Amino acid sequence: MNNQKNKTGKKAPFLETLIESFIRLCGISSIIFVFGIFFFVFKEGAGFLFGGLDIWEFLTSEEWYPTSLNNKRYGTFALILGTFSVTALAMLIAVPFGLGAAIFVSEFCSPKLRETFKIVIELLAAIPSVVWGFIGLTVMNQLIIAVFNAPIGLTMLNGGIMLALMSVPIIVSIAEDALKAVPDSYREAAEALGATRWQVIYRVLLPAAKNGLLAAVLLGAARSIGETMAVLMATGHSVNIPSGPLSWIRTLTATIAAELGEVAQGDEHYQVLFIIGILLFTITFVVNLIADLVIKGIRQS
Amino acid sequence: MTVDKWIREGYVLVLYIVMLSCCLCFNSCSSNSGTANGSSNAKRAIIKNKGSDTMVNLAQAWAEVYYGVSDTVSVEVSGGGSGTGVAALIKGTVDIANCSRQVKDKEKQQAMENTGKEPIEFIVGYDALAVYVHKENPLDKITIPQLAEIYGEEGNITKWDQLGIANSGCRSDKIIRISRQSNSGTYFYFREALLGKERDFELGSLDLHGSKDVVEVIGRTHCAIGYSGMGYATDHVKMLEVAITSDEPYYAPNLENVIAKTYPIARPLYMYSLGEPTGEAKAYLDWIFSAEGQKIVEELGFVPLESN
């Protein structure tokens, strides 16, 4: 035993340090990338952000006229509302479905059915967002016109359903992991006390898995906020203050995607699109921060 | 355990087959999208051609036919919008940029600074922007001032009955304006044709991302009105006749009217090369101006140069 250790012991330090430094590099690089991206986005937008842009107007005006010839106006209020409303609607649909599916898969399923479900859910997660957008533009558009008697189906509801379908797989797989992580002894103890299956889930499992479930929901929400292609195609892409699920909207991400490709580099409009990028960065940062604080709060209490 | 595994594998296989067949189906439907003639010809010189979405079908048709004409060149076409083409031209990454608007002076300057060459302009055909409505919409004609009131900022036409028609398919009677993303060449041209340089479009239109999408959505929407190249017409939509004012005659967007310059919303289509074109690029442009090249312009619903 000792001999063996010595034999490999000569080589191990070198290999180990090599691997260690490689792993360290991987860890550090993710930080570098985040800062690099932030620096790049900030650099592109900074010139106009500090020189000329009326930030108050940028955040509160709904007038988005970036290509006007004599009166350019950069108000993103409608876009911010669009992003938040469609995300909220998506979460309204996705959270009950996602958590319900996770509970079903982890608690009620037979093992064979569970395997099938997991594969199908993974497959759902693998569908590219442009395909969802395409489905929204064609199938869901028709469906909403038929069901709600709406004049046009490219609405917040359409985008919300698409986003919900995209975030459900994330919510299901993370929530299922969280439920699986609850020790079986909890279940056994509750059942031994005569609790029904529902009572076990409601009173024991859900509170025990709270952090994981919250993380699942927040990651689902983050996916929705950041999603671009599907909302670009399904929501109508219209600068409009939403008045209900059947109004058409435009999101921050879709605006960048639609306009950045055709804008002259270094132009005011180009810089404003990067400032929208900074805004999105800030929004996700705040969401993550709140999530962290909430989870910490839950842990402490 | 093994049975489980087998079932699992079987499942994945079936799903892949389904997806694959979907892919094949998609492929056959859209076989002329993407890059044309990009594959399997390492020996051929490549002309890179990029830009306007309005012109992408035309550019692809040219590239495909030219592949048979020349055995030394293959043309790679991609879309993305006029601005994308110009941006690529400024970076010097394309040989020819397609543009449904004129390149701005500022962009010309940038190209000069970046590459040392000036973009040279060629008009390769004309495009009429048709005003589309759903095929069951009773409206047949419209004037430019009416369009200006529908699309323009603080315009006062918002309902179909203000145009003197009963659009029974549209229950709310509200006009749904279909437009394009605010920096597409088509958007710029249409705005200028309707409102001149002073006025903007009213917000709240559906700003779609391609010429084809506009027609597609109008074909499904009774309340909608929109604009797109006349080559994009389908069986589900109707093109309106347009007059400059209500006192003038109305003209349908067709070949004769555009050639006679009576149809009011028509514009030239441009190609730009960096510096005077030479060699293969020059041969390609010359061929585009030839009778054969111009015939393709007409076949795709655009208006050729020659008859002008």
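Worth saying up front: this structure is predicted, and the values here are computed from it rather than measured. (Residues numbered from 1 in each chain as written. Chains lettered and ligands numbered in written order. Predicted model: local features only at pLDDT ≥ 70, side-chain atom pairs only at ≥ 80, totals over all residues. Heavy atoms only, no water.)

Colleague: It is not clear to me how the overall build of chain A should be interpreted in this structure. Could you clarify?
Modeller: A tally of helices and strands in chain A yields 13 helices and two strands. The C-alpha atoms of chain A give a radius of gyration of 24 Å, which is well past the 19 Å a tight globule of 301 residues would have. Along the first, second and third principal axes, the C-alpha set of chain A runs to 80 × 60 × 40 Å. Taken across its 301 residues, chain A has 44% of its residues classed as buried. Taking as baseline every contact in chain A between residues at least 6 positions apart, the subset at least 24 positions apart corresponds to 68%. Summing over all exposed atoms, chain A offers an accessible surface of approximately 15,700 Å²; the carbon and sulfur share of this is 69%. (Helix = DSSP H or I, 4+ residues; strand = E, 2+ residues; numbered from the N terminus. Rg over C-alpha atoms; globule rule 2.2 N^0.38 Å. Buried < 20%, exposed > 50% of the residue type's maximum accessible area, 1.4 Å probe, protein only. Contact = heavy atoms within 4.5 Å. Areas by Shrake-Rupley, 256 points an atom, 1.4 Å probe, with all protein chains shown as cover.)

Colleague: Sorry if this is basic, but what is going on with the overall build of chain B here?
Modeller: Helix and strand counts for chain B stand at ten helices and eleven strands. Nonlocal contacts in chain B, meaning residues at least 24 apart in sequence, comprise 76% of its contacts between residues at least 6 apart. For chain B, the computed accessible surface area is about 14,300 Å², with 53% contributed by carbon and sulfur atoms.

Colleague: Please explain the confidence of the model for chain A as it appears in this structure.
Modeller: Detailed conclusions should not be drawn from predicted coordinates in areas where pLDDT is low. Residues and elements named next belong to chain A. With 95% of its residues at a pLDDT of 70 or more, chain A has an overall mean of 88. When pLDDT is averaged over each helix and strand of chain A, the minimum, 49, is found for helix H1 (residues 2-9) and the maximum, 94, for helix H4 (residues 77-108). Counting interchain partners and residues more than four positions distant, the pLDDT-below-50 stretch residues 1-6 has zero contacts. (pLDDT = per-residue confidence, 0-100.)

Colleague: Is there a simple way to explain the packing of aromatic side chains in this structure?
Modeller: All names here are of chain B. By the definition in use, this model includes 22 aromatic pairs over all chains. A centroid spacing of 6.3 Å and a plane angle of 90° characterise the contact between Tyr187 and Phe188, whose relative ring orientation is edge-to-face. Each member of the pair, Tyr187 as well as Phe188, is classed as buried. With centroids separated by 6.0 Å and ring planes inclined at 35°, the aromatic side chains of Tyr270 and Tyr272 adopt a geometry described as tilted. Within the aromatic cluster, the residues linked to one another by ring pairs are Tyr151, Tyr187, Phe188, Phe190, Phe201 and Tyr227. Residue placement shows Arg44 over the ring face of Tyr67; its charged tip is 3.7 Å from the ring centre. (Phe/Tyr/Trp six-rings, centres within 6.5 Å; stacked < 30°, edge-to-face > 60°. Lys NZ or Arg CZ within 6 Å of the ring centre and 35° of its normal.)

Colleague: I tried to follow a nonpolar patch on the surface on my own but got confused; where do I start?
Modeller: Residue and element names in this part refer to chain A. On the surface, Phe14, Leu15, Leu18, Ile19, Phe22 and Ile23 cluster together to form a nonpolar patch covering roughly 650 Å² of accessible area. Secondary-structure assignment places Phe14 in helix H2 (residues 12-50). When its relative accessible area of 58% is taken as the criterion, Phe14 is described as exposed. (Patch = residues over 30% accessible without salt bridge, like charges linked within 9 Å, V, L, I, M, F, W, Y side chains within 5 Å. Salt bridge = Lys/Arg side-chain N within 4 Å of Asp/Glu carboxyl O.)

Colleague: What is the right way to read the pairing of strand S3 (residues 96-99) of chain B from this model?
Modeller: Strand residues, when the strand is regular, have side chains that alternate between the two faces of the sheet. Residue and element names in this part refer to chain B. The side-chain alternation of S3 yields two buried faces, one formed by Ile96 and Asn98 and the other by Ala97 and Cys99. Across three bridges, the pairing between strand S1 (residues 45-51) and S3 is parallel. By the bridge assignment for S3, Lys50 is matched with Ala97. Strand direction decides the pairing type here: S3 and strand S11 (residues 266-274), joined by four bridges, are antiparallel. Residue Ala97 lies in a different strand from S11, and its bridge partner there is Tyr272. (Pairing = 2+ DSSP bridges.)

Colleague: Honestly, helix H7 (residues 156-180) of chain A in this entry has me stumped. Any pointers?
Modeller: Side chains of residues three or four places apart in an α-helix project in the same direction, reflecting 3.6 residues per turn. Residues and elements named next belong to chain A. Between the first and last C-alpha of H7 there are 35 Å, a value that for 25 residues agrees with the 36 Å anticipated at 1.5 Å per step. At Ser167, H7 shows its strongest bend, of approximately 30°, with the proline Pro169 following within four residues. Burial within H7 is extensive, with 18 of its 25 residues counted as buried. (Expected span 1.5 Å × (residues − 1). Bend = angle between axes of the 7 residues up to and from the residue.)

Colleague: Explain the interface of chain A and chain B to me, please; I cannot follow it from the model alone.
Modeller: When the parts come together, some accessible area is lost, and that loss is often what is quoted as the size of the interface. Taken together, the contacts link 42 residues of chain A with 47 residues of chain B. Between chain A and chain B lies a buried interface of about 3,700 Å² when both sides are counted; carbon and sulfur atoms form 54% of it. Seen at the junction of chain A and chain B, the total is four salt bridges. In this structure, the salt-bridge partner of Asp207 of chain B is Arg250 of chain A, at a minimum N-O distance of 2.5 Å. For the interface between chain A and chain B, the tally reads 17 residue pairs in polar contact (both at pLDDT 80 or more). When residues of the side of chain A that touches chain B are traced back to their parent elements, those giving at least two are strand S1 (64-65), helix H5 (111-126), helix H6 (129-148) and helix H12 (252-260) of chain A. Considering only residue class, the side of chain A that touches chain B consists of 18 nonpolar, 15 polar and nine charged. (Buried area = accessible area lost by both parts, 1.4 Å probe. Polar contact = N/O pair within 3.5 Å; in protein donor to acceptor, adjacent residues only side chain to side chain. Nonpolar A, V, L, I, M, F, W, Y, C, P; charged D, E, K, R; others polar.)

Colleague: Would you mind showing me how to read the confidence of the model for chain B here?
Modeller: All names here are of chain B. Mean pLDDT over chain B stands at 84; residues scoring 70 or higher make up 85%. Low pLDDT, under 50, characterises residues 26-41; the stretch is placed with 20 contacts to residues that sit more than four places away or in other chains. In the predicted complex, the global pTM is 0.77; the interface-specific ipTM is 0.79.

Colleague: What is the right way to look at the pattern of salt bridges in this model?
Modeller: Side chains that carry opposite charge are capable of pairing whenever their charged atoms lie near each other. Inspection of every chain in the model, using the stated rule, returns 20 salt bridges over all chains. Note that Arg24 of chain A is salt-bridged to Glu20 of chain A, the shortest N-O span being 3.3 Å. Taken together, the residues span about one helical turn, with Arg24 of chain A and Glu20 of chain A both in helix H2 at a distance of four residues. A salt bridge links Glu44 of chain A to Lys43 of chain A, with the nearest nitrogen and oxygen atoms 4.0 Å apart. Overlapping salt bridges bring together Glu63 and Arg73 of chain A together with Glu153, Arg191 and Asp200 of chain B as one network.

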